[in-house]
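Overview (structure and organization)
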Amino acid sequence: IMNALGLTQIGLMLLCTTTISSLQCNHLHLQQRKVIENSLQLLDKMGEKFPQQCLKEKMSFRFPEQVLKPRQKETVKVVIEEIFQHIFYIFSKNLTLAAWDGTALEQFQNGLYQQIEQLEACVIKKQIHYFWSKEVNRLKLKKYFQKIDCFLKDKKHNLCSWEISRAEMRRCLQLIDKVIRKL
C-alpha cells in the first residue's frame, strides 16, 4: 500500500509540474516581454551613457531582421532562444575592460540564462530545430554574432568595443520585443 501511495504522489507531482510548465509556455510571450524590458533596463544600468570618444569607432553590424520573420510561428521561439544564447555567450567573456556595474551585468546574464532555459522547455525541439538548422537565416544570425565577436577581439575587448556591443545588443533586444508584441 505504501508503494502504491508513493507512486500516486509521484504521478500527481509530475502531472502538476507538467501542467504548470504548460501554463508557463502558454504565457511565454508575456514573460519574454517582461524579461526583455528588464534586460534593457539592466543594459542601461550596467554602464553610463555612451562615451563620446567611442562615437568615431561606431560600427554597423546589421542585424538580419529576416530571422525574426520565419515561415512557422513556433520557429520564432527557437530563433529568440538562439539569439539569447549568442548574447549570453558574448556577455560571458573578457569583460575586464568593460567598466560596468557588476551586479547589473550578473542580473542581465542570469535573466538571459533563465529565459534560455524557459524557451528550451517550451519549444518542440526535434521538428523545429531540424527546420531551423536547415535555414539560411540561421547562418545569417550566426555571422551577425560572429561579426560582433570578431569586432571585440580585434579591438582587444576595449571599453569602446564593449560599449558599441552593448548598444548593439540593446537594438537586438528591441527588435525581439517588437516581434514578441505581435505574437
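Residues numbered from 1 in each chain as written. Predicted model: local features only at pLDDT ≥ 70, side-chain atom pairs only at ≥ 80, totals over all residues. Heavy atoms only, no water.

**Digging into the state of the cysteines**
Under the criterion given, the structure shown has 1 disulfide. Across the disulfide, Cys54 is cross-linked to Cys160 (sulfur-sulfur distance 2.0 Å). As the torsion about the S-S bond is roughly -80 degrees, the Cys54-Cys160 disulfide counts as left-handed. Pair noted here: Cys54 is in the loop between α2 (28-46) and α3 (75-90) and Cys160 is in helix α7 (residues 159-182), with a separation of 106 residues, a long-range link. (Disulfide = S-S within 2.5 Å. Helix = DSSP H or I, 4+ residues; strand = E, 2+ residues; numbered from the N terminus.)

**What about the pattern of salt bridges?**
A complete count under the given rule lists 8 salt bridges for this structure. Residue Arg171 pairs with Glu168 through a salt bridge whose shortest N-O separation is 3.7 Å. In this pair, Arg171 and Glu168 both sit in helix α7, 3 residues apart, roughly one turn of the helix. Linked by salt bridges that have partners in common, Lys93, Asp149 and Lys153 make up one network. (Salt bridge = Lys/Arg side-chain N within 4 Å of Asp/Glu carboxyl O.)

**A few points about the nonpolar core**
Ranked by size, the top nonpolar core spans 41 residues in total, and within it Leu68, Ile83, Ile87, Phe91 and Phe145 carry the most contacts. Of all elements in the fold, only α2, α3, α4 (102-122), α6 (136-154) and α7 reach the threshold of two or more residues within this core. Ignoring any residue separated from it by four or fewer positions in sequence, one finds Phe145 in contact with Ile83, His86, Ile87, Ile90, Met169 and Cys172. (Core = buried A, V, L, I, M, F, W, Y, C linked by side-chain atoms within 4.5 Å. Buried < 20%, exposed > 50% of the residue type's maximum accessible area, 1.4 Å probe, protein only. Contact = heavy atoms within 4.5 Å.)

**A word on the confidence of the model for the chain**
Put simply, the chain has an average pLDDT of 79, and 76% of its residues get 70 or more. When mean pLDDT is compared element by element in the chain, α6 scores highest at 91, while helix α1 (residues 2-26) scores lowest at 48. In this model residues 10-23 is a low-confidence stretch, pLDDT under 50, and it forms 0 contacts with partners more than four residues away in sequence or in other chains. (pLDDT = per-residue confidence, 0-100.)

**Looking at the layout of surface pockets**
Volume-wise, the largest pocket comes out at about 180 Å³. What lines the largest pocket is simply Glu65, Leu68, Lys69, Leu175, Lys178, Val179, Lys182 and Leu183. Looking at the lining of the largest pocket, its residues break down into 4 nonpolar, no polar and 4 charged. (1 Å grid on protein atoms, 1.4 Å probe; cavity = no way out; pocket = protein on both sides within 12 Å on 5 of 7 lines; lining within 4 Å. Points joined across faces, edges and corners; volume = space filled by probe spheres on them. Nonpolar A, V, L, I, M, F, W, Y, C, P; charged D, E, K, R; others polar.)

**Quick look at the packing of aromatic side chains**
Counting across every chain of the model gives 8 aromatic pairs. With a centroid separation of 5.4 Å and 75 degrees between ring planes, the pair formed by Phe61 and Phe151 is classed as edge-to-face. Linking Phe61 in the loop between α2 and α3 with Phe151 in helix α6, this pair joins segments that are 90 residues apart in sequence. Judged by its relative accessible area of 6%, Phe151 is buried. (Phe/Tyr/Trp six-rings, centres within 6.5 Å; stacked < 30°, edge-to-face > 60°.)

**Structural notes on the side chain of Ser161**
By secondary structure assignment, the location of Ser161 is in helix α7. On the basis of relative accessible area, Ser161 is assigned to the buried category, the value being 0%.

**Here's the deal with α4**
The end-to-end C-alpha distance of α4, which contains 21 residues, comes to 30 Å, matching closely the 30 Å that a straight helix rising 1.5 Å per residue would cover. For α4, the set of buried residues is Ala104, Leu105, Phe108, Gln109, Gly111, Leu112, Gln115, Ile116, Gln118, Leu119 and Cys122. Put simply, Asp101 is the residue that caps the front of α4, since its side-chain oxygen is 2.8 Å from the backbone nitrogen of Thr103. (Expected span 1.5 Å × (residues − 1). Polar contact = N/O pair within 3.5 Å; in protein donor to acceptor, adjacent residues only side chain to side chain.)

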